[in-house]
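Reading the structure
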Amino acid sequence: MAKEKGGKKNQAEYVEKQVLSAVAPIIEQYGYELWDVIFEKEGAMWSLKILFDNENGGIDDTQCEEITAPLNEAVDRLPCLELIDILEVGSPGLDRVLRKPFHFERMMGQPIKVTTKDENGKTVYFNGELMSYDGSTGDFLLHGDEGDISFNTSKCRRIALNL
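Below, the structure is looked at part by part. (Residues numbered from 1 in each chain as written. Predicted model: local features only at pLDDT ≥ 70, side-chain atom pairs only at ≥ 80, totals over all residues. Heavy atoms only, no water.)

The next thing to look at is the packing of helix α1 (residues 9-29) against helix α2 (residues 61-76). Contact geometry of α1 with α2 gives a least axis separation of 9 Å together with a crossing angle of 150°. Between α1 and α2, the angle falls in the class roughly antiparallel. For α1 against α2, the interelement crossing comes out right-handed. The residues of α2 that touch α1, namely those facing Val19, Ala22, Val23, Ile26 and Ile27, are Ile67, Pro70, Leu71, Ala74 and Val75. Across the contact of α1 with α2, the residue classes tally to 10 nonpolar, no polar and no charged. (Axes fitted to C-alpha atoms, helices over the stretch in contact; angles between N-to-C directions. Helix = DSSP H or I, 4+ residues; strand = E, 2+ residues; numbered from the N terminus. Parallel < 35°, antiparallel > 145°, perpendicular 65-115°, else oblique. Left-handed = near helix turned anticlockwise from the far one by under 90°. Contact = heavy atoms within 4.5 Å. Nonpolar A, V, L, I, M, F, W, Y, C, P; charged D, E, K, R; others polar.)

A few words now on the packing of aromatic side chains. For the coordinates displayed, the defined rule picks out seven aromatic pairs. Judged by centre distance (5.1 Å) and plane angle (50°), the rings of Tyr32 and Phe52 are tilted. Here the residue Tyr32 occupies a position in the loop between α1 and β1 (33-42), and Phe52 occupies one in strand β2 (residues 45-53), the gap between them amounting to 20 residues. Taking the relative accessible area as the measure of exposure, Tyr32 reaches 9% and is therefore buried. Plain terms: the ring middles of Phe39 and Trp46 are 4.8 Å apart, the flat faces sit at 25° to each other, and that makes the pair stacked. Like Trp46, Phe39 is buried. Pairwise contacts between aromatic rings join Phe104, Phe126, Tyr133, Phe140 and Phe151 into one cluster. Above the face of the Trp35 ring, Arg96 is positioned so that its terminal group lies 4.9 Å from the ring centre. Above the ring of Tyr125, the side-chain terminus of Lys113 is found at 4.7 Å from the ring centroid. (Phe/Tyr/Trp six-rings, centres within 6.5 Å; stacked < 30°, edge-to-face > 60°. Buried < 20%, exposed > 50% of the residue type's maximum accessible area, 1.4 Å probe, protein only. Lys NZ or Arg CZ within 6 Å of the ring centre and 35° of its normal.)

Turning next to the nonpolar core. Among the nonpolar cores identified, the biggest contains 26 residues, and Val19, Val23, Ile27 and Ile50 are the most heavily contacted of them. For this core, the secondary structure elements donating two or more residues are α1, β1, β2 and α2. Ranked by the residues each element gives to this core, the list is headed by α1, at seven residues. Residues within four places of Val23 in sequence aside, it is in contact with Leu34, Val37, Ile50, Leu71 and Val75. Counting residues in each nonpolar core, the second largest holds 18 residues, with Leu98, Ile112, Leu130 and Phe140 among its members. (Core = buried A, V, L, I, M, F, W, Y, C linked by side-chain atoms within 4.5 Å.)

Structure (structure tokens):
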């Protein structure tokens, strides 16, 4: 039977939810924190990214290597395995993407870069300090050179730390 990969948002959410529940306990067991699980199409392939961090900031190669095998084993046992072409395990990096409420809460007061489109469809970038976030609506406030600007996460193409 061939893989069915519709790429629909609900399919990505299904895979991310399954993987999250399987890998979170493993990551915690090793003393790390789960930053994000991202399932997305990259070219012709479907990529699953498991991003983790530690409280001291940053993951080195040794830490990544020690946790990759247990995470791979956990993913191999999931019913959604046939949908996944590539598994990546790593750090969210310095320019970590903010997608979840706890990302915004954790990065309060930090410099971020917001990528959005204007009314003509042109890509526009905003840089500033993350001032507030409303987890129930997805609204956040950015304080930048242009003053305070309000955004909704659903209207942004990318929101990332800007160090």
